[in-house]
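Now for the letters of each chain:
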Amino acid sequence: MYNIKNSKELANLINYTNLNNIISEGEMREFLETAKELNFNSVIIPPTYVSLAKEILRDSDIKIGSVVGFPLGFEDTEGKLAETKSLLDNGVSEIEVVVNLSHLKDGKHKEIKNELKQLKDLVGDKILKVIIETKALTDPEKATIAKLAEETGVDFIKTSTGFVTPNHIYENVNDINVIQKYAPKIKIEIYGGINNYKLANQVLTAGADKIGSNQGYEIVTRYKDLRENTQITPKPITLKKKD
């Protein structure tokens with residue numbers, strides 16, 4: 001099993017996510033305050049709230065990430081580049097772009113590769129993730145997009161937008177195996193359905209590099225309750241003298 005040493009390390013493996021399209025500013029503020037409390041690796045939020053995140057998280061190490069072409073990926077390359085530039089100008093350090101699944105289904109690999117190359121050139125040393133929808137793809141299609149992403153310098157493959165039925169743990173493990181086999185250098189973020197420490201530990205053990213979850217706070221606090229907050233007072237040990 002994956003050897004997580006403490007809750008701080010666990011939080012650093014989670015990208016705490018809230019892409020609810022009807023969230024209010026007050027609710028987002030509360031979400032960001034809880035993220036700050038546990039110091040997650042990053043928060044992934046709608047572009048609307050990037051400025052608010054910069055304000056609330058300014059004294060933390062938490063990276064701010066946001067989405068491009070979300071959730072369908074149908075935008076043309078120029079549109080995705082414009083969205084990306086706007087986010088970068090606003091100080092985002094992680095960009096998650098949804099791949100055009102229609103291009104993938106049609107075998108338009110050149111178009112996908114060209115788009116990813118331009119996006120990575122624009123992002124530079126910031127993190128670029130490509131969101132695919134593994135639930136909608138065959139294993140050969142997963143292998144293809146993973147290879148294309150790796151060849152263009154993309155940093156991460158993220159397995160879902162969260163707008164489909166979450167994968168079972170066995171499907172997640174299969175996705176990790178496929179990606180690692182055909183794109184061994186690219187990192188993997190599993191998203192969707194990871195709502196407790198046991199599942200988090202399982203996908204990390206299987207080879208995931210990061211977990212995306214809108215229940216990151218619950219995962220980490222539950223871990224702390226189980227592993228770090230147990231209060232026990234041992235009874236004094238007395239040794240009887242032999243007669």
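Residues numbered from 1 in each chain as written. Predicted model: local features only at pLDDT ≥ 70, side-chain atom pairs only at ≥ 80, totals over all residues. Heavy atoms only, no water.

In this section: the overall build of the chain. The number of helices and strands found in the chain is ten helices and eight strands. A buried classification covers 47% of the 243 residues belonging to the chain. At a minimum sequence separation of 6, the contacts of the chain that also span at least 24 residues come to 70%. Put simply, the chain shows about 12,800 Å² of open surface, and 49% of that area lies on carbon and sulfur atoms. (Helix = DSSP H or I, 4+ residues; strand = E, 2+ residues; numbered from the N terminus. Buried < 20%, exposed > 50% of the residue type's maximum accessible area, 1.4 Å probe, protein only. Contact = heavy atoms within 4.5 Å. Areas by Shrake-Rupley, 256 points an atom, 1.4 Å probe, with all protein chains shown as cover.)

What the eight strands build is a closed barrel, ordered E1-E2-E3-E4-E5-E6-E7-E8; its pairing is parallel. Across the sheet, the axes of successive neighbouring strands diverge by a mean angle of 25°, strand direction being ignored. Across three bridges, strand E6 (residues 156–158) lies against strand E7 (residues 187–191) in parallel orientation. Considered in E7, the bridge of Ile157 is made with Ile188. (Pairing = 2+ DSSP bridges. Axes fitted to C-alpha atoms, helices over the stretch in contact; angles between N-to-C directions.)

Moving on, we get to the layout of surface pockets. By volume, the largest pocket is sized at about 250 Å³. If you go around the largest pocket, you meet 18 residues; those closest to its centre are Thr161, Gly162, Tyr191, Gly192 and Asn214. Its residues placed into classes, the lining of the largest pocket shows six nonpolar, twelve polar and no charged. The computed volume of the second largest pocket comes to approximately 170 Å³. Lining the second largest pocket are 13 residues, and of these Leu19, Asn20, Asn21, Pro46 and Phe70 lie nearest its centre. Its residues placed into classes, the lining of the second largest pocket shows ten nonpolar, three polar and no charged. (1 Å grid on protein atoms, 1.4 Å probe; cavity = no way out; pocket = protein on both sides within 12 Å on 5 of 7 lines; lining within 4 Å. Points joined across faces, edges and corners; volume = space filled by probe spheres on them. Nonpolar A, V, L, I, M, F, W, Y, C, P; charged D, E, K, R; others polar.)

Applying the stated criterion to the full structure yields four aromatic pairs. Summarising the aromatic geometry, the rings of Phe70 and Phe163 are spaced 5.4 Å apart at their centres and angled 75° between planes, so their arrangement reads as edge-to-face. In this pair, Phe70 sits in the loop between strand E3 (63–68) and helix H4 (77–89) while Phe163 sits in the loop between E6 and helix H8 (169–182), placing the two residues 93 residues apart along the sequence. Taking relative accessible area as the criterion, Phe163 reaches 53% and is therefore assigned exposed. An aromatic cluster of three or more residues is present, and its members are Tyr16, Phe31 and Phe40. Lys129 extends its terminal NZ or CZ atom over the ring of Phe156, reaching a point 5.6 Å from the ring centre. Here the basic side chain of Lys158 rests over the ring of Tyr191, its NZ or CZ set 4.6 Å away from the ring centre. (Phe/Tyr/Trp six-rings, centres within 6.5 Å; stacked < 30°, edge-to-face > 60°. Lys NZ or Arg CZ within 6 Å of the ring centre and 35° of its normal.)

Further remarks concern the UniProt feature "active site" (unreviewed entry) in the chain. The sites that carry the UniProt feature "active site" (unreviewed entry) are, in the present numbering, Glu96 and Lys158. Look at the named residues: they lie 63 residues apart in sequence, but the longest C-alpha span between them is just 8.2 Å, so in the fold they bunch up. With respect to the secondary-structure elements, Glu96 resides in strand E4 (residues 94–98). Assessed through its relative accessible area of 0%, Glu96 is described here as buried. Leave out the neighbours within four places in its chain, and Glu96 touches Ile44, Ser66, Val67, Val68, Lys129, Ile131, Lys158 and Glu189. A polar side-chain atom of Glu96 sits 3.0 Å from a polar atom in the side chain of Lys129. Structurally, Lys158 is set in strand E6. Within polar-contact distance, the side chain of Lys158 engages the side chain of Glu96 at 2.7 Å. (UniProt positions renumbered as here; feature names shortened; annotations may be inferred. Polar contact = N/O pair within 3.5 Å; in protein donor to acceptor, adjacent residues only side chain to side chain.)

In this structure the tally under the stated criterion is 16 salt bridges. The closest approach of N and O atoms between Lys158 and Glu189, which form a salt bridge, is 3.6 Å. With Lys158 in strand E6 and Glu189 in strand E7, this residue pair connects regions lying 31 residues apart in the sequence. With a relative accessible area of 0%, Glu189 lands in the buried category. Through salt bridges with shared partners, a single ionic network connects Glu94, Glu96, Lys129, Lys158 and Glu189. (Salt bridge = Lys/Arg side-chain N within 4 Å of Asp/Glu carboxyl O.)

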